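Fold and contact review
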Amino acid sequence: GRFFEFYHNSSKVVAEMLHLAPLKQNRRDARFGFPVRKMAQYMLCAIGAGKSVVVILEDQYLMKIKERRIWRRFEGKVLDNYSGGGPE
């Protein structure tokens with residue numbers, strides 16, 4: 001499937017905010033993730049908590065190296081009625 005994955009140790013803060021469970025150990029060393037189909041829900045959760053979101057896409061391989069590029073950047077804005085927590 002298609003997933004957004006978090007790799008860095010500091011991603012634990014994001015995972016706690018979004019209520020993501022840790023992934024099993026894997027060869028990519030991804031620590032947390034969620035399916036692409038839930039991107040809008042998780043982005044609204046993060047943006048509503050005042051966090052900015054940068055979506056980075058992986059393009060085709062270029063001589064065995066994946067090419068990554070910033071797709072979009074969304075600025076966070078704390079919402080008055082934001083209750084926190086990840087999507088249902």
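Residues numbered from 1 in each chain as written. Predicted model: local features only at pLDDT ≥ 70, side-chain atom pairs only at ≥ 80, totals over all residues. Heavy atoms only, no water.

**So, helix H1 (residues 11-18)**
Here H1 has its buried residues at Ser11, Ala15, Met17 and Leu18. Seen from one end, H1 has its buried residues packed into an arc of 160°, which puts them on one side. Turned more than 90 degrees away from the buried face of H1, the exposed residues are Val13 and Glu16. Elements that come into contact with the buried residues of H1 comprise strand E1 (3-6), strand E2 (32-35) and helix H2 (39-48). Looking one or two residues past H1, His19 carries a phi angle of roughly 60°, positive in sign. (Buried < 20%, exposed > 50% of the residue type's maximum accessible area, 1.4 Å probe, protein only. Helix = DSSP H or I, 4+ residues; strand = E, 2+ residues; numbered from the N terminus. Arc of directions from axis to C-beta. Contact = heavy atoms within 4.5 Å.)

**Digging into the pattern of salt bridges**
Overall, the coordinates contain 3 salt bridges when judged by the stated rule. Between Arg31 and Asp29 there is a salt bridge; the shortest N-O distance is 3.6 Å. A relative accessible area of 30% means that Arg31 is categorised as partly exposed. (Salt bridge = Lys/Arg side-chain N within 4 Å of Asp/Glu carboxyl O.)

**What about the packing of aromatic side chains?**
Throughout the structure, instances matching the rule amount to 3 aromatic pairs. Taken together, a centroid distance of 5.6 Å and an interplanar angle of 35° make the contact between Phe4 and Phe34 tilted. Taken together, the residues Phe4 in strand E1 and Phe34 in strand E2 connect sequence positions 30 residues apart. Above the ring of Trp71, the side-chain terminus of Arg72 is found at 4.6 Å from the ring centroid. (Phe/Tyr/Trp six-rings, centres within 6.5 Å; stacked < 30°, edge-to-face > 60°. Lys NZ or Arg CZ within 6 Å of the ring centre and 35° of its normal.)

**Concerning the side chain of Ser11**
Position of Ser11 relative to the elements: it lies in helix H1. Ser11 sits in the buried class, given a relative accessible area of 6%. The contact partners of Ser11, leaving out residues within four places of it in the chain, are Phe6, Arg31 and Phe32.

**With respect to the confidence of the model for the protein chain**
For the protein chain, per-residue confidence averages 82 on the pLDDT scale, and 86% of positions sit at 70 or higher. Here strand E3 (residues 53-62) is the element of the protein chain with the lowest mean pLDDT, 78, and E2 is the one with the highest, 92. (pLDDT = per-residue confidence, 0-100.)

**Some points on the nonpolar core**
Counting 15 residues, the largest nonpolar core has Leu18, Leu20, Phe34, Met43 and Val53 as the members making the most contacts within it. When residues of this core are traced back to their parent elements, those giving at least two are H1, E2, H2 and E3. Counting residues per element, this core draws most heavily on H2, which supplies 6 residues. Setting aside residues no more than four positions away along its own chain, Met43 makes contact with Val53, Val55 and Phe74. (Core = buried A, V, L, I, M, F, W, Y, C linked by side-chain atoms within 4.5 Å.)

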